[in-house]
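Residue strings, one per chain:
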Amino acid sequence: MSAQLAATDPHEVAHDAGHDHAGHDHAGHDHAGGGHDHGHHAVVENNFMGLPNIKLAMWAFLGSECMFFGSLIGTYFFYHGKALAGPLPATIFSIGITSISTFLLLMSSLTMALAVDAMKQRKPTVTRNYLLVTALLGATFVGFQVYEFSHFVHLGLKLSTSLFGSTFYVMTGFHGGHVTVGVIWLTMLAFLVHKGKLNPTKLPINVEVAGLYWHFVDIVWIVIFTFVYLLEFIQ
Amino acid sequence: MSAAHHDHADAGGLPHSHKKAYIRLGVILTVVTAVELALPFLKDYPDIWMPVEPMWAPLLVVMSVFKFGAVVGEFMHLRGDRDIYKFLFLSPLAIAVIIFLLLGSLAVALFLPFGEGVAVTAVDVKSGYVRPTKSSGAEPPLAEDKFKAAFAEAKGKNFAPGKTVYDKVCKACHGDMGEGKAALGFNLTDDCYKYGGSFKDLYVTVADGRAGNKMPAQAGALKSEEIRQVVYYIRSLKGTNAPGGQPCVGDKVAD
């Protein structure tokens, strides 16, 4: 199975070979699955299928995140319209502010994709710059969210005010937390690229994997924006 | 196995760039988002809006699914990537969608504020308020003289039980002193009422809610006795004209 996979996948083979030349610190690493050496010895961070573990792990993690956010958003709707106290969504949502932050996050997905692309084109400086722009857009998004939350609290909506308050803050709060983690992560990557610790021949996969995370955070917002905010204005 | 590896190495050893495709997709996503946003503005033009309205919610869902798919498929490159990644991501996603739909269909009142959908018997012509056949679960209002006697009794206790309920539930919209808040809740300290100022009117207002559910029905959340107590308390606020009060909506009601 795995031999066949590796053989039919020129991309991954080329990828492995790239690592091969770059990293000289492979000795002592565990060749999981023993007999699956396909002739390149640089399968160290890859699993028995010849795929990078870190990328597999990220996709599995994002799969679990789907269920996490799916439950949070589902819960929000389960209790929608059942708030008995405090302000209601239709009265306090500001479509203007939310559209701006939505747009920022959308653009950050684009710059993230361009950062990964530049790494594949062996242009680390470009990658670093796009990473910084992405982090900046994300930080601005978080800023808007902080403003939105404090505005809502000012209007009398707290976490414990009503079912709306609880489900809304938990859902969007977890999303904002994810964006914050992403901003920190991307900033660190930009720093590593700047220092040359991360470059097209050395662990470029780290940028790609961070990108997966970042795009995921964006699609969660696509769903929240449409279902939580926009649908509120249809009565 | 996925045969769609379009970023294979070319002769120079570099995979070809997706830059143009990414930027094109970024533009498309922006345009779709702009279309989604057109909604709040369209509402001001009933001529255009009315025919679109029934299709709008499904359209929003379609557009959001499109954006979701575009980001996952292209930016995250899942479309051309290995099946194992697709499996790892798409199967939990399917579970998430099922959870979402289950929760949604369980919540019968998904986009209906409750109180609506109740059979109606009487329409208050002046306010346009549709009165439900029966109060949503709360006891029927007392006779006005019984209310008055109970009000006098509550006065003896300084309306303490009613104030407790008020501070917990009503304050957020009607203000600390009952002065009201712009766009959130009416002034309860003037002598002006939209839905009537009798004890019975106040009781029905609080129990069943008003104006869709902007004034939320309390019947499901408070016991009938708690509703009566809070009604006595807000009745005691009448005429106190708290500073910063919201303007009068409705008619003046004499004592």
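Residues numbered from 1 in each chain as written. Chains lettered and ligands numbered in written order. Predicted model: local features only at pLDDT ≥ 70, side-chain atom pairs only at ≥ 80, totals over all residues. Heavy atoms only, no water.

**Student:** Got a minute to help me understand the overall build of chain A in this structure?
**Tutor:** Counting its secondary structure elements, chain A contains eight helices and zero strands. Taking all 235 residues of chain A together, 56% fall into the buried category. If you take every contact in chain A between residues at least 6 apart in sequence, the share linking residues at least 24 apart comes to 78%. Entry remark: accessible area of chain A is about 9,300 Å², with carbon and sulfur atoms responsible for 69%. (Helix = DSSP H or I, 4+ residues; strand = E, 2+ residues; numbered from the N terminus. Buried < 20%, exposed > 50% of the residue type's maximum accessible area, 1.4 Å probe, protein only. Contact = heavy atoms within 4.5 Å. Areas by Shrake-Rupley, 256 points an atom, 1.4 Å probe, with all protein chains shown as cover.)

**Student:** Even after reading the chapter, I still don't get the packing of helix α3 (residues 53–78) of chain A against helix α7 (residues 163–194) of chain A, so can you show me in this structure?
**Tutor:** Helix-helix packing is characterised by the crossing angle of the two axes and by the distance between the axes. Residue and element names in this part refer to chain A. Two elements in contact, α3 and α7, have axes whose closest approach is 8 Å; the angle formed by their N-to-C orientations is 155°. Regarding the angle of α3 to α7, the classification is roughly antiparallel. The handedness of the crossing between α3 and α7 comes out as left-handed. Within the contact between the two elements, α3 uses Met58, Glu65, Phe68, Phe69, Leu72, Ile73, Thr75 and Tyr76 and α7 uses Phe164, Thr167, Phe168, Val170, Met171, Phe174, His175, His178 and Trp185. Considered class by class, the residues forming the contact of α3 with α7 number 12 nonpolar, four polar and one charged. (Axes fitted to C-alpha atoms, helices over the stretch in contact; angles between N-to-C directions. Parallel < 35°, antiparallel > 145°, perpendicular 65-115°, else oblique. Left-handed = near helix turned anticlockwise from the far one by under 90°. Nonpolar A, V, L, I, M, F, W, Y, C, P; charged D, E, K, R; others polar.)

**Student:** When you look at the environment of Phe168 of chain A in this model, what are you seeing that I'm missing?
**Tutor:** Mapped onto the elements, Phe168 of chain A comes out in helix α7. A sequence separation of 10 residues divides Phe168 of chain A from Lys158 of chain A, and the C-alpha atoms of the two residues are 9.8 Å apart.

**Student:** Any chance you could explain the interface of chain B and chain A here in plain terms?
**Tutor:** Where interface size is given, it is often the accessible area lost as the parts come together that is meant. Facing 66 residues of chain B, the contacting portion of chain A comprises 65 residues. Taken together, chain B and chain A are joined by one salt bridge. As a salt-bridge pair, Lys55 of chain A and Asp81 of chain B come within 2.8 Å of each other at their nearest N and O atoms. Along the contact surface separating chain B from chain A lie four residue pairs in polar contact (both at pLDDT 80 or more). Counting residues per element, the ones that place at least two in the side of chain B that touches chain A are α1 (19–42), α2 (46–75), α3 (83–106) and α5 (160–174) of chain B. With 12 residues, α3 of chain B is the largest single contributor of residues to the side of chain B that touches chain A. (Salt bridge = Lys/Arg side-chain N within 4 Å of Asp/Glu carboxyl O. Polar contact = N/O pair within 3.5 Å; in protein donor to acceptor, adjacent residues only side chain to side chain.)

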